[in-house]
Amino acid sequence: MDRQAPPELSQTEWAAVSVAFQDAAACGCSVLSATARPSLLGRVAEALFGSRRSTPLANPRLEAIRQFVCATRRQRMPAAELVPVLADHGFNPAQIEAIALLAI
């Protein structure tokens, strides 16, 4: 990736990365929870209360970060299919690489 531009993110963009890490831990985009079968109690709770799905962020740029981080954590490698989405939202290659390195 091009390393000419610095991988700077705004405070709000870093907050979106943090939300993505929380979503990965809480709702199933981590590798372990994506492959693990819920326990009987977990399935009963889901049937009674519904499953907790992550709520998309209102800002499309921040939602792109959240989706990229979650997919990267799930795949344990940068989510190449979402790199163009981040680029379309104005992220440079150095920013995308920095986010990917944190998410792996």
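Each value, and the rule that gives it
- Per chain, residues are indexed from 1 in the order of the written sequence.
- Confidence filtering applies because this is a predicted model: local features only for residues at pLDDT of at least 70, side-chain atom pairs given and counted only at 80 or more, and all residues used for totals across whole chains, interfaces and linings.
- Side-chain metrics in this entry use all non-hydrogen atoms of the structure; hydrogen atoms and water are not considered.
- Note on terminology: a nonpolar core comprises buried Ala, Val, Leu, Ile, Met, Phe, Trp, Tyr and Cys residues joined through side-chain atoms within 4.5 Å.
- Only protein chains enter the calculation, and the probe is 1.4 Å; a residue is then buried if its accessible area is under 20% of its type maximum, exposed if over 50%, and partly exposed in between.
- Under the scheme used here, helices are H or I runs from DSSP no shorter than 4 residues and strands are E runs no shorter than 2 residues, and both carry numbers assigned from the N terminus.
- Throughout, a residue-residue contact means that at least one pair of heavy atoms, one from each residue, lies within 4.5 Å.
- Only centres within 6.5 Å qualify two rings of Phe, Tyr or Trp (six-membered ring in Trp) as a pair; their planes then separate them into stacked at under 30 degrees, edge-to-face at over 60, and tilted for everything else.
- A positively charged side chain is recorded as over a ring if its NZ (Lys) or CZ (Arg) lies within 6 Å of the ring centre. The angle to the ring normal must also be within 35 degrees.
- Throughout this description, a polar contact denotes any pair of N or O atoms lying within 3.5 Å of each other; where both atoms belong to protein, one of them has to be capable of donating a hydrogen while the other can accept it, and for residues adjacent in sequence the pair is counted only when both atoms sit in side chains.
- Per residue, pLDDT captures the predictor's confidence, and it can take any value from 0 to 100.

## Concerning the nonpolar core
Burial of nonpolar side chains together is a common tendency in soluble globular proteins.
Then comes step 1: Core analysis: the biggest nonpolar cluster contains 18 residues, and I65, F68, V69, L86 and F91 have the highest contact counts within it.
Then comes step 2: Elements represented by at least two residues in this core include exactly α1 (11-27), α4 (60-75) and α6 (93-103).
Then comes step 3: What I65 contacts, discounting residues up to four positions off in sequence, is E13, A16, V17, L86 and F91.

## Digging into the packing of aromatic side chains
Then comes step 1: Across all of its chains, the model carries 0 aromatic pairs by this definition.
Then comes step 2: Here the basic side chain of R61 rests over the ring of F91, its NZ or CZ set 3.9 Å away from the ring centre.

## A look at α6
Then comes step 1: Burial within α6 is extensive, with 8 of its 11 residues counted as buried.
Then comes step 2: Along α6, the positions that sit buried rather than exposed are A94, Q95, I96, E97, A98, I99, A100 and A103.

## Side note on unusual backbone geometry
Then comes step 1: You will see that R76, though not glycine, has its phi angle at about 60 degrees, which is positive.
Then comes step 2: The residue R76 is located in the loop between α4 and α5 (83-88) in this model.
Then comes step 3: Taking relative accessible area as the criterion, R76 reaches 60% and is therefore assigned exposed.

## Some words on the side chain of R66
Then comes step 1: Relative to the assigned elements, R66 resides in helix α4.
Then comes step 2: Side-chain polar atoms of R66 contact the side chain of E63, separated by 2.6 Å.

## Considering the environment of Q67
Then comes step 1: Relative to the helices and strands, Q67 resides in helix α4.
Then comes step 2: The class of Q67 is partly exposed, set by a relative accessible area of 37%.
Then comes step 3: For Q67 and A79, which are 12 residues apart along the polypeptide, the C-alpha to C-alpha distance reads 9.1 Å.

## Overview of the confidence of the model for the protein
Then comes step 1: Residues with a pLDDT of 70 or more make up 66% of the protein, whose mean pLDDT is 79.
Then comes step 2: Per-element confidence in the protein is highest for α5, whose mean pLDDT is 96, and lowest for helix α2 (residues 31-35), whose mean pLDDT is 44.
Then comes step 3: Here residues 30-35 scores under 50 on pLDDT; set against residues more than four positions off or in separate chains, the count is 8 contacts.

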